[in-house]
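What follows is the residue order along each chain.
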Amino acid sequence: MSIPVMKYEAVIVGGGGAGLRAALQLSEAGVKTVVLSKVFPTRSHTAAAQGGISASLGNVEDDNWHWHMYDTVKGADWLGDQDAIEFMCRQAVDAVVELEHFGMPFDRLENGKIYQRPFGGHMANFGKKPVRRACAVADRTGHAMLHALYQRNVKADTHFLVEWMALDIIRNKNGDVVGITALEMETGEVYIIQAKAVLFATGGAGRIYQSSTNAYINTGDGIGITLRAGLPIEDIEFWQFHPTGLAGAGVLITEGVRGEGGYLLNCNGERFMERYAPTAKDLASRDVVSRAMQIEINEGRGCGQNKDYVLLKLDHLGKDVIDQRLPGIREISLQFLGIDPVKEPIPVVPTCHYMMGGIPTNYRGEVVAPNGENMEDIVKGFYAAGECACASVHGANRLGTNSLLDLVVFGKSAGNSMVEYIKQHGDEYKELPEDAADFSLNRLAKLDNANSGESLADLRHEMQKIMQQHAGVFRTQSVLEDGINKIEALYARVQNLCIQDKSKVFNTARVEALEFMNTIEVALATMITAEARKESRGAQAREDFPERDDEKFMCHTLYYKDGRKIVYKPVHTKPMTVDYIPPAKRVY
Ligand SMILES: Cc1cc2nc3c(=O)[nH]c(=O)nc-3n(C[C@H](O)[C@H](O)[C@H](O)COP(=O)(O)OP(=O)(O)OC[C@H]3O[C@@H](n4cnc5c(N)ncnc54)[C@H](O)[C@@H]3O)c2cc1C
């Protein structure tokens, strides 16, 4: 089948923080670069990031990158790769200063330096006491960051294909990635975009759950595409539940609220985190706080008529602090619940927030996969960064503010690796296989030709319900086994998906159906890998296996779509320059 072919040296799929940071590196190096995005780049989910970006600037009190590294390794419950973690924490200070020079309007201290606030799990002196490490632009940090990066890209002449959706990657007979297929939403036409290198920065997939802080476009496209291409994904069983999603609505209330001095209360008015984490209290790691809240609710100490939420108190901070540091939170609370946090506490519940797993990469942003004896063979021409990637710096649980940092550090690192790889190519593009687009076109044809079958809305609703019930904050063998059966049954029904609208121009039903085919892969992979991991670590809390089992499970999960195969690979325990941080019990 013949379809139009476009050519760019570098194709970036995703216009969030990671995609834009990588694109900037490429465009500034003179590489012909295009960014594809389903939405206008500055509407990517990065824009919703509230609380901050971490860096051990030490502007308020003593701090250094080694402490940051220790906190990240511990936060990750020893599933993070220590070389990548050292790389990220060491780069953090330069990365934030660079953003400032890009024009990001950080909040300031009296002395003019960048303001910093505490965030969960960030501690001084190897875990001794909370430290102020989060740099913020009020509670709209991601918004400010994304706009600064977008403007820089415009200046650097990055091309944008806005409202374009990547469908699949194209691999040649050696397995190298040589381009993608993509759908132009406005016309409904499919194109091939040939490239020397392709980067995925497609963000998270929080929409697999019913209650989620994620945007509707966070459908895990990069994960679905990678799996369909025969490549594995890593550690997808680990999903972060953010302690403070607005009860009922799921909208995020930033951890910055607790960073500024807010705290949680149960129905007895008790500050219960003092029992669960005597030192860090409300600023313990997210998984720890989410579990504590769920236990309070399960044991009948929740608030409200149904006792199904707890309260986040911040009125004691005073109107001035709230209006200056947390204006967006006040607005959200008023708009969604009619509650003014200056006067009353906010009802909150743990809500799906972040995907720790993703496309396996090294710290250079190169996608890796097992090949014979080599567990980390580089897939040539394929790169990933940001939430869709697994470097792995967040391991089994991410610390707040470490994601925005991950985006800029690994976006830049992947950009540099791509520049190097592309320069080696010279003017040559690797040849496209003859059937380059057939796989995508056949998928589309099947969808377009179905005249009866399952409704998208029903399937999606059911998937979200199953995930919420069977892969939530607490997990057990029987709940997960039931979950696998249910999600497999649903997966079979997805093959009969049918959309009523057959038009081409801006057919959003078609786009949503294509998204869902990616999302369901993520849901299935989550359930299967969570069942297989018979231990509790970070965000995976198994009631039947309450302890961490380093002997059997201090390893990354690799999951393949074909045969639902699982392979485990070792964690990188060796940092780049400092001593290994050995596993210890995680207490806060
Ligand atoms: C409400 C909220 C608050 C947060 N607050 C913080 C915080 O304060 N600090 C912190 O460190 N982290 C925070 N996080 C996490 C962090 O914001 C995200 O992990 C991060 O922004 C993800 O960035 P990204 O560049 O990987 O992807 P995104 O910003 O999600 O961008 C993904 C991009 O990929 C594009 N895309 C996806 N699929 C396709 C496709 N098939 N074809 C074409 N384009 C595609 C989308 O259009 C989009 O441009 C927060 C997350 C949420 C949800």
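See the structure shown above.
Just so you know, these numbers come straight off a predicted model, no measurement behind them.

1. Topic: unusual backbone geometry
In step 1: Across the junction of Ala391 and Ser392, the peptide omega takes the value -5°, indicating a cis bond.
In step 2: Tracing the backbone shows Ser392 in the loop between β18 (389-390) and α11 (402-425).
In step 3: Within the chain, Glu163 stands out as a residue other than glycine whose phi angle is a positive 65°.
In step 4: Relative to the elements of secondary structure, Glu163 occurs in the loop between β6 (159-162) and β7 (164-171).
In step 5: Among the residues examined, Glu163 registers a relative accessible area of 33% and is labelled partly exposed.
In step 6: Positive phi, close to 45°, is recorded for Phe506, a residue that is not glycine.
In step 7: In this fold, Phe506 is placed in the loop between α14 (477-494) and α15 (508-532).
In step 8: Overall, Phe506 belongs to the partly exposed group, its relative accessible area being 40%.

2. Some thoughts on the pattern of salt bridges
In step 1: Counted by the stated rule, this structure contains 51 salt bridges.
In step 2: One salt bridge in this structure joins Asp287 and Arg291, with 3.4 Å as the shortest N-O distance. A residue pair is termed a helical-turn pair when its members lie 3 or 4 positions apart in one helix, as Asp287 and Arg291 do in helix α8 (residues 286-298) at four residues. Side by side, Asp287 and Arg291 carry an identical accessibility label, which is buried.
In step 3: Ionic contacts of the salt-bridge type, sharing partners, join the residues Asp77, Glu237, Asp287, Arg291, Arg533, Glu535, Arg537, Arg548, Asp550 and Arg586 into one network.

3. Observations regarding the pairing of strand β17 (residues 374-384)
In step 1: As paired strands, strand β9 (residues 189-200) and β17 are joined by three bridges and run parallel to one another. Residue pairing across strands places Leu199 opposite Tyr383, the latter belonging to β17.
In step 2: Counting the residues in the hairpin turn of strand β16 (residues 366-371) and β17 gives two residues, including Gly372, whose phi is positive at 60°.

4. Some points on the site of the ligand
In step 1: The ligand sits among 38 residues. The nearest are Ser44, His45, Thr46, Glu387 and Leu404.
In step 2: Note that a nitrogen atom of the ligand is positioned 2.8 Å from one of the backbone N or O atoms of Ala166.
In step 3: At a separation of 2.7 Å, an oxygen atom of the ligand approaches a polar backbone atom of Leu404.
In step 4: Bound to the protein, the ligand loses 98% of the 1,000 Å² it would expose on its own.
In step 5: Elements supplying a minimum of two residues to the shell around the ligand: α1 (17-28), β2 (33-37), β7, β14 (346-355) and α11.

5. Looking at the packing of helix α12 (residues 438-449) against α15
In step 1: Axis separation between α12 and α15 bottoms out at 11 Å; the angle between their running directions is 125°. By the angle between their directions, the pair α12 and α15 is classed as oblique. In this structure, the crossing between α12 and α15 has a hand that is right-handed. Along its contact with α12, which presents Arg443, Leu444, Leu447 and Asp448, the element α15 presents Arg510, Ala513, Leu514 and Met517.
In step 2: Here the contact of α12 with α15 is composed, by residue class, of five nonpolar, no polar and three charged.

6. Things to note about the side chain of Glu234
In step 1: Considering the arrangement of structural elements, one finds Glu234 in strand β10 (residues 233-234).
In step 2: One polar contact links Glu234 to His556, side chain to side chain, over a distance of 3.2 Å.
In step 3: Excluding anything up to four places from it in sequence, Glu234 contacts Gly357, Gly358, Pro360, Cys390, Ser392, His556, Thr557, Leu558 and Lys569.

7. Observations concerning the packing of aromatic side chains
In step 1: With the rule as written, the count across this model stands at 12 aromatic pairs.
In step 2: On the basis of an interplanar angle of 90° and a centroid distance of 5.6 Å, the ring pair of Tyr70 and Phe126 is categorised as edge-to-face. With Tyr70 in helix α2 (residues 65-75) and Phe126 in the loop between β4 (116-124) and β5 (129-135), this residue pair connects regions lying 56 residues apart in the sequence.
In step 3: A relative accessible area of 32% places Phe126 in the partly exposed class.
In step 4: Following the ring pairs from residue to residue traces out a cluster consisting of Phe40, Tyr150 and Phe160.
In step 5: Lys74 extends its terminal NZ or CZ atom over the ring of Tyr588, reaching a point 4.3 Å from the ring centre.
In step 6: Above the face of the Tyr560 ring, Lys565 is positioned so that its terminal group lies 4.7 Å from the ring centre.

What counts, and where the lines are drawn
Residues numbered from 1 in each chain as written. Predicted model: local features only at pLDDT ≥ 70, side-chain atom pairs only at ≥ 80, totals over all residues. Heavy atoms only, no water. Helix = DSSP H or I, 4+ residues; strand = E, 2+ residues; numbered from the N terminus. Buried < 20%, exposed > 50% of the residue type's maximum accessible area, 1.4 Å probe, protein only. Salt bridge = Lys/Arg side-chain N within 4 Å of Asp/Glu carboxyl O. Pairing = 2+ DSSP bridges. Near = heavy atom within 4 Å. Polar contact = N/O pair within 3.5 Å; in protein donor to acceptor, adjacent residues only side chain to side chain. Areas by Shrake-Rupley, 256 points an atom, 1.4 Å probe, with all protein chains shown as cover. Axes fitted to C-alpha atoms, helices over the stretch in contact; angles between N-to-C directions. Parallel < 35°, antiparallel > 145°, perpendicular 65-115°, else oblique. Left-handed = near helix turned anticlockwise from the far one by under 90°. Contact = heavy atoms within 4.5 Å. Nonpolar A, V, L, I, M, F, W, Y, C, P; charged D, E, K, R; others polar. Phe/Tyr/Trp six-rings, centres within 6.5 Å; stacked < 30°, edge-to-face > 60°. Lys NZ or Arg CZ within 6 Å of the ring centre and 35° of its normal.

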